[in-house]
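# Geometric and topological summary
The lines below spell out each chain.
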Amino acid sequence: MIVSLAWRNIWRQPRRTLLSAIAVMLTCGLLVFLPALQIGSYQAMVDAAIGIIDGTAQIQKSAYLDSPSMRTSFLPKDELYQTVKQEIPDSQLAKRGNSFALVSSEERSYGLQIIGVEPEKEKLISTIPKNIKQGRYLSAEVTSESVNEIILGSVLAKNLQLKVGDKVTLLGTGKDGSLAADSLQLIGIFSSGIKELDRQLAQMHYERFSETFSMENQVHALVLINGEKSLMRSYPDSLKRYLQERDLVLRDWQALQPDIVDAIKLDISSALAMYIILILVIVFSLLNSSLMSVLERTREFGMMMALGVKANLLGKIIWVESIFVMLLGVCSGLIIGAVVTYYYQVTGITFTGADVVFEQFGLDPTIYPLLNAISLLVGPLVIGLCLAIAGAYPGFRIHRLEIIPAMRSV
Amino acid sequence: MDKPIVICKDVWKIYQQGEVKVEALRGVDLDIFQGEFVSLAGASGSGKTTLLNMIGGLDSVSSGYVEVDGDDLSGMNKNGLADLRLSKIGFVFQAYNLIPVLTAYENVEFIMQLQGVPAERRRELSHEILGRVGIADMGERKPAELSGGQQQRVAVARALVSNPSIILADEPTANLDSKTSESLLELMAELNQESQTTFIVATHDPQVIEFTKRKILISDGKVAQDC
């Protein structure tokens, strides 16, 4: 009876019901689309940030993050490789050696960050191998001929007035404090998409790096390649313990890129404030509509109470009416939001004119919203819950109703 | 007719209107018995509707005692009064007061549904009662699709269907023409005879007053005449 009466009641004023439901639908749709766009842009930011160099996780000495010195290195033993393989099946580890050095061409010298890498594995981690603009990436095989290869960022190569095939000289400090000097051949110039990196980054074969910088086969980091794109992945505690016992630590992208995490948190906070305002607006407008509908029926409620209907039952009927309007809006908003979001997830949204801003962060101006359980359900569920709670209020007001004055009201 | 079904003893109702106290009822003493067909007659503002509201538990007395079918109304809270109205009292209002979104059948069934009568039985009784009030073929119509007289018949059917001890009717013919009024009164009298349900009708319509067996004249908040 409650359900049937409430359903019929909401269609007494079809225009009002439809307008209310459409308002809820639009809010719901927005609360599906906007978080999906946010998640998509975070994913793009993180992908761009970790995809160029860091990878999703790295094994490092525990002190390396705070004090990334040449000496904070470790020897990657076979046992470590086996343990990681055992704990995270289908994973691989890629060696990395990091240093700062002076790079010189015949004309000029600049400071740079040089990374010793394993080229074949690097292709699975970094976007740099795909972004070679001139020449080629480092050879997969390390031979006596290929071992002296180096690639440079495009801005650095331009500043040094170098072209592919030229010789460059490296001058730095080895792990043992000795002078590290080498002469290498420029075989490729990359453009990462971030000018700052292109101005100071270079890669060479790990073997040669180890030799030049007296690393004695030690590394500064082992990048974990597990073939999974998920950024929220958690790693086995047993692996973390194993590493901890050896003064090593597995750092995920959040630890490697705290600035990105802070930027995302800040963006989430401001977006949350906007969502809360949006939800409050829709809750109050629906509450107003419901109160108006109750006010209009004061006489009818008085009559029903005279017949023996208790205020509780009337309150329930009014609440179910609000629930119906809410369900109409939330369900249609969920469907429309999901369809629109999915469409843009496939096609992407290009922010025309914002290319320069996006480029600064290594982002493509086309963002792909990401539709997942969080973006799809959280907004509509929160709206539904808020409206369900607010919808009970007009029902409570019925308890104050006196039968005789109510029946006399127009 | 040994025990009264309605007992009013020294019933007072005083309203506060701003700084003025309005005495709507001033010590009404009244007994009404099972199966009576009573009119509470009087001019506008005489207190007849107020008295009807007191008997129906729609309003509380300022002082005095009201008993309906053995229940002392002054000792009851809102829910208790709602239960009493649901189980023992049927109402017929001047403005019909049907639920606009429900059909005639559903309006009649509504009270039974509140009383927990099973669906099949409700359907059966609603068909039967609408047949008795002469509008069986209009059961699927909503109030807006019925004439005033037909709506009032539905209201009578709704009041009667749960077999209450008394039916209170407040100016039931006020919005009806004389022919429809007469037909409605005949129907009420017939139902009163058949089911021995007590009818108390507040009215100032001479046609209604003439029709009832017992006529109680209310004047200035008191029983002026009872015959």
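Owing to the predicted nature of the structure, the values given are computational and were not obtained by experimental measurement.

## Considerations on the overall build of chain B
Along the backbone of chain B there are 7 helices and 10 strands. Taken over C-alpha atoms, the radius of gyration comes to 17 Å for chain B, in line with the 17 Å a tight globule of 227 residues would show. Principal-axis analysis of the C-alpha atoms places the extent of chain B at approximately 50 × 40 × 35 Å. Taken across its 227 residues, chain B has 48% of its residues classed as buried. Expressed as a percentage of contacts within chain B between residues at least 6 apart in sequence, the contacts between residues at least 24 apart total 71%.

## Points about the overall build of chain A
Counting its regular elements, chain A contains 16 helices and 12 strands. Its C-alpha atoms give chain A a radius of gyration of 31 Å, more than 25% over the compact-globule value 22 Å for 410 residues. Expressed along its principal axes, the backbone C-alpha trace of chain A runs to roughly 100 × 50 × 30 Å. Looking at chain A residue by residue over its 410 residues, the buried ones come to 39%. Restricting the contact set of chain A to residue pairs at least 6 apart, pairs at least 24 apart contribute 82%.

## Remarks on the UniProt feature "domain: MacB-like periplasmic core" (unreviewed entry) in chain A
As recorded in UniProt, the feature "domain: MacB-like periplasmic core" (unreviewed entry) lies at residues 17-213 of chain A. When the span residues 17-213 of chain A is considered, its composition is 38% helix and 30% strand, and the gap between its end C-alpha atoms is 74 Å.

## Concerning the sheet that holds strand β2 (residues 20-33) of chain B
All names here are of chain B. Spatially, β2-β1-β4-β5 is the arrangement adopted by the 4 strands of the open sheet, whose pairing is antiparallel. Here the strands that pair on one side only, and so sit at the sheet edges, are β2 and β5 (71-72). Note: strand β4 (residues 63-68) against β5, 2 bridges, orientation antiparallel. Residue pairing across strands places V68 opposite D71, the latter belonging to β5.

## Examining the interface of chain B and chain A
Across the contact, 16 residues belong to chain B and 15 residues belong to chain A. Elements with a contribution of two residues or more to the side of chain B that touches chain A: α2 (78-88) and α3 (104-115) of chain B. At 5 residues, the largest contribution of residues to the side of chain B that touches chain A is made by α2(B). Here the residues of the side of chain B that touches chain A sort into 9 nonpolar, 4 polar and 3 charged.

## Remarks on the pairing of strand β5 (residues 149-153) of chain A
In the case of a regular strand, side chains alternate between the two sheet surfaces. Residue and element names in this part refer to chain A. Here β5 lies mainly inside the structure; 5 of its 5 residues are buried. Where β5 lies against strand β7 (residues 179-190), 5 bridges are found, and the strand directions are parallel. Bridge pairing in β7 links I150 to L186. Of the strand pairs in this sheet, β5 and strand β8 (residues 201-205) are connected by 3 bridges, and their pairing is antiparallel. From the neighbouring strand, L152 faces β8, where its bridge partner is A202.

About the criteria used
Residues numbered from 1 in each chain as written. Chains lettered and ligands numbered in written order. Predicted model: local features only at pLDDT ≥ 70, side-chain atom pairs only at ≥ 80, totals over all residues. Helix = DSSP H or I, 4+ residues; strand = E, 2+ residues; numbered from the N terminus. Rg over C-alpha atoms; globule rule 2.2 N^0.38 Å. Buried ≥ 20, exposed ≤ 12 C-beta atoms within 10 Å, placed from the backbone. Contact = placed C-beta atoms within 7 Å. UniProt positions renumbered as here; feature names shortened; annotations may be inferred. Pairing = 2+ DSSP bridges. Nonpolar A, V, L, I, M, F, W, Y, C, P; charged D, E, K, R; others polar.

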